[in-house]
Amino acid sequence: QVQLVESGGGLVQPGGSLRLSCAASGLIFAIYAMGWYRQAPGKQRELVAAISTDGVTNYADSVKGRFTISRDNAKNTVYLQMNSLNPEDTAVYYCNAGTQYGSSSYRAGDYWGQGTQVTVSS
């Protein structure tokens, strides 16, 4: 079966950093665009960052310049490096295997990780 497993979340102080990982199994990882989503209490799930099969990246305006998405196809893993974290980044973060359209549009696929909690608080 397809499985996406996130790790790396936790509690950090404002200004701190975290690196999230999402390990994929049961799918041909290299043919999927990958995305990181987050959902905060009372808010809609939103796309944070996406990376295409050929390495093109896109970011939500709210995280641009602070977050970096990357992938390692040899390890079937996608990463989200999060720097300069602020309380507004607090959310459950999910990875997703989906589809990239053109250079800037990402469509979520049916495969989701279980989520990892990121809490930014002093």
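For clarity, every value in this text was computed on a predicted model and none was experimentally measured. (Residues numbered from 1 in each chain as written. Predicted model: local features only at pLDDT ≥ 70, side-chain atom pairs only at ≥ 80, totals over all residues. Heavy atoms only, no water.)

## Remarks on the pairing of strand β7 (residues 67-72)
What you see with β7 is a clean split: Phe67, Ile69 and Arg71 sit on the buried side and Thr68, Ser70 and Asp72 on the side with no burial. Direction of pairing for β7 relative to strand β8 (residues 77-82): antiparallel, over a ladder of six bridges. Within β8, the position partnered with Asp72 by the bridge is Thr77. (Buried < 20%, exposed > 50% of the residue type's maximum accessible area, 1.4 Å probe, protein only. Helix = DSSP H or I, 4+ residues; strand = E, 2+ residues; numbered from the N terminus. Pairing = 2+ DSSP bridges.)

## Things to note about the state of the cysteines
Counted under the stated rule, the structure contains one disulfide. Two residues share a disulfide in this structure: Cys22 and Cys95, whose sulfurs sit 1.9 Å from each other. For the disulfide bridge between Cys22 and Cys95, the dihedral angle about the S-S bond is near 50°, and by the sign convention the bridge is right-handed. In this pair, Cys22 sits in strand β3 (residues 18-25) while Cys95 sits in strand β9 (residues 91-101), placing the two residues 73 residues apart along the sequence. An identical accessibility class is assigned to Cys22 and Cys95; each is buried. (Disulfide = S-S within 2.5 Å.)

## Here's the deal with the side chain of Asn96
One can find Asn96 in strand β9. The class for Asn96 is buried, based on a relative accessible area of 0%. For Asn96, the side chain forms a polar contact with the side chain of Tyr106, separated by 2.6 Å. (Polar contact = N/O pair within 3.5 Å; in protein donor to acceptor, adjacent residues only side chain to side chain.)

## A few points about the sheet that holds β8
One open sheet accounts for four strands, arranged β1-β3-β8-β7; its pairing is antiparallel. Each of the sheet's edge strands pairs with one partner strand only, and the pair in question is β1 (3-7) and β7. On average, adjacent strands in this sheet sit at an angle of 15° to one another, irrespective of strand direction. Examined bridge by bridge, β3 and β8 share six bridges and lie antiparallel to one another. Residue pairing across strands places Ser21 opposite Tyr79, the latter belonging to β8. (Axes fitted to C-alpha atoms, helices over the stretch in contact; angles between N-to-C directions.)

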